[in-house]
Amino acid sequence: GLALSMLFFLSGCVQMKNGKPTGEGWVYKFFAAPMGSVIQYLANNLGLGFGFAIIIVTVIVRLLILPLGLSQVRKMTYQSEKMAYLKPVFDPIQERMKNAKTQEEKMAAQTELMQAQRHYGMSMFGGLGCLPLLIQMPFFSALYISTRYTKGIASASFLGINMIITVIIGILYLVQSWVSTLSVPEAQRQQTRNMMFMMPIMMVMISIGAPAGGALYWLVSGIFGLIQQLITNHIIKPKLRKQIDEEFKKNPPKPFKSNVRKDIT
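In this text, all values refer to a predicted model and were calculated from it rather than measured experimentally.

**A closer look at the environment of Ile231**
Piece 1. By the secondary structure assignment, Ile231 is in helix α10 (residues 212-250).
Piece 2. Considered as a pair, Ile231 and Val73 are 158 residues apart in the sequence and their alpha carbons are 9.9 Å apart.
Piece 3. Among residues more than four places away in sequence, those in contact with Ile231 are Leu70 and Ile236.

**Some remarks on the environment of Phe248**
Piece 1. Within the secondary structure, Phe248 sits in helix α10.
Piece 2. On the accessibility criterion, Phe248 (11% relative accessible area) is buried.
Piece 3. Along the sequence, Phe248 and Lys82 sit 166 residues apart, while their C-alpha atoms lie 9.8 Å from each other.

**Some points on the packing of helix α3 (residues 49-85) against helix α4 (residues 87-98)**
Piece 1. One can describe the packing of α3 onto α4 by two numbers: an axis separation of 5 Å at closest approach and a directional angle of 80°. Taken together, α3 and α4 sit at an angle that is classed as roughly perpendicular. Contacts between α3 and α4 involve Met83, Ala84 and Tyr85 on the former and, on the latter, Lys87, Pro88 and Phe90.
Piece 2. Here the contact of α3 with α4 is composed, by residue class, of five nonpolar, no polar and one charged.

**Examining helix α2 (residues 26-45)**
Piece 1. Its 20 residues place the ends of α2 27 Å apart at the C-alpha level, agreeing with the 28 Å of an ideal helix rising 1.5 Å per residue.
Piece 2. The axis of α2 is deflected most strongly, by about 35°, at Ala32, and proline Pro34 appears within four residues downstream.
Piece 3. Looking at α2, one finds that the buried residues are Val27, Phe31, Ala32, Met35, Gly36, Ile39, Leu42 and Ala43.

**Quick word on the packing of α4 against helix α5 (residues 103-119)**
Piece 1. Interhelical geometry of α4 versus α5 gives an angle of 160° and a closest axis separation of 8 Å. Comparing the axis directions of α4 and α5 gives the class roughly antiparallel. Like other packed secondary-structure pairs, α4 and α5 cross with a definite hand, here left-handed. In contact with Phe90, Ile93, Gln94, Arg96 and Met97 of α4, α5 contributes Lys106, Ala109, Gln110, Glu112, Leu113, Ala116 and Gln117.
Piece 2. When grouped by side-chain class, the residues that make up the contact of α4 with α5 number six nonpolar, three polar and three charged.

**Digging into the pattern of salt bridges**
Piece 1. With the rule as written, the count across this model stands at two salt bridges.
Piece 2. We note a salt bridge from Lys87 to Asp91, for which the minimum N-O separation is 3.2 Å. Residue Lys87 and its partner Asp91 are both found in helix α4; the two are separated by four residues, about one turn of the helix.
Piece 3. On the basis of relative accessible area, Asp91 is assigned to the partly exposed category, the value being 31%.

The rules behind the values
Residues numbered from 1 in each chain as written. Predicted model: local features only at pLDDT ≥ 70, side-chain atom pairs only at ≥ 80, totals over all residues. Heavy atoms only, no water. Helix = DSSP H or I, 4+ residues; strand = E, 2+ residues; numbered from the N terminus. Contact = heavy atoms within 4.5 Å. Buried < 20%, exposed > 50% of the residue type's maximum accessible area, 1.4 Å probe, protein only. Axes fitted to C-alpha atoms, helices over the stretch in contact; angles between N-to-C directions. Parallel < 35°, antiparallel > 145°, perpendicular 65-115°, else oblique. Nonpolar A, V, L, I, M, F, W, Y, C, P; charged D, E, K, R; others polar. Expected span 1.5 Å × (residues − 1). Bend = angle between axes of the 7 residues up to and from the residue. Left-handed = near helix turned anticlockwise from the far one by under 90°. Salt bridge = Lys/Arg side-chain N within 4 Å of Asp/Glu carboxyl O.

Written as structure tokens, this is what we have:
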């Protein structure tokens, strides 16, 4: 939700008129316009064509910000894995919060949950960490704007296979959504799988209405998203589970004693 909110915010930093950028807005001036110039140089001066130029620029930018994305994922994963380790502590509190019959009981359970999170060094935002996200978002927004509105790109096609690219995008994001469910606990997996078709459908709809350059951007971004998800599942999560196990073996978590009354009626 925060990521989508930031994307809409940054889109506002690229001022539009009649569906096209006016040239104003700091994201456009400092990010989108330079990226567009590089795309035009690669396409026209080096003769690579807009398709390959967009792929090259997107890959370079995504490689530059990949460490930030992985850092973001690591922080969030660490908090979620730590939360899973302390599940026996949090589950009874969450159950009381769910079954509360009065607003006072619910607020008492919420207060107790917050105290337990502070006691065990947990973040209520799941280790979101805004800085890496804030640094990445201008690049994401600028890449999309530059591939969609740079002169020459809107009318360009990539080998004449725009619809095939759209189909590949749908399959790619479906695979990415499926891979993301593999790391979800079994109890939540079915609910997650019910939602995994939303992103592919949305991406296909966006790609159908976008020029070939915009579709190529989503294609390359989907590949990087899938790679990042595989790294998370097979490298980051196993490593963090081992790290958390070792941390708690050396320093076993102290029992949590709440000072919140549970007999509120």
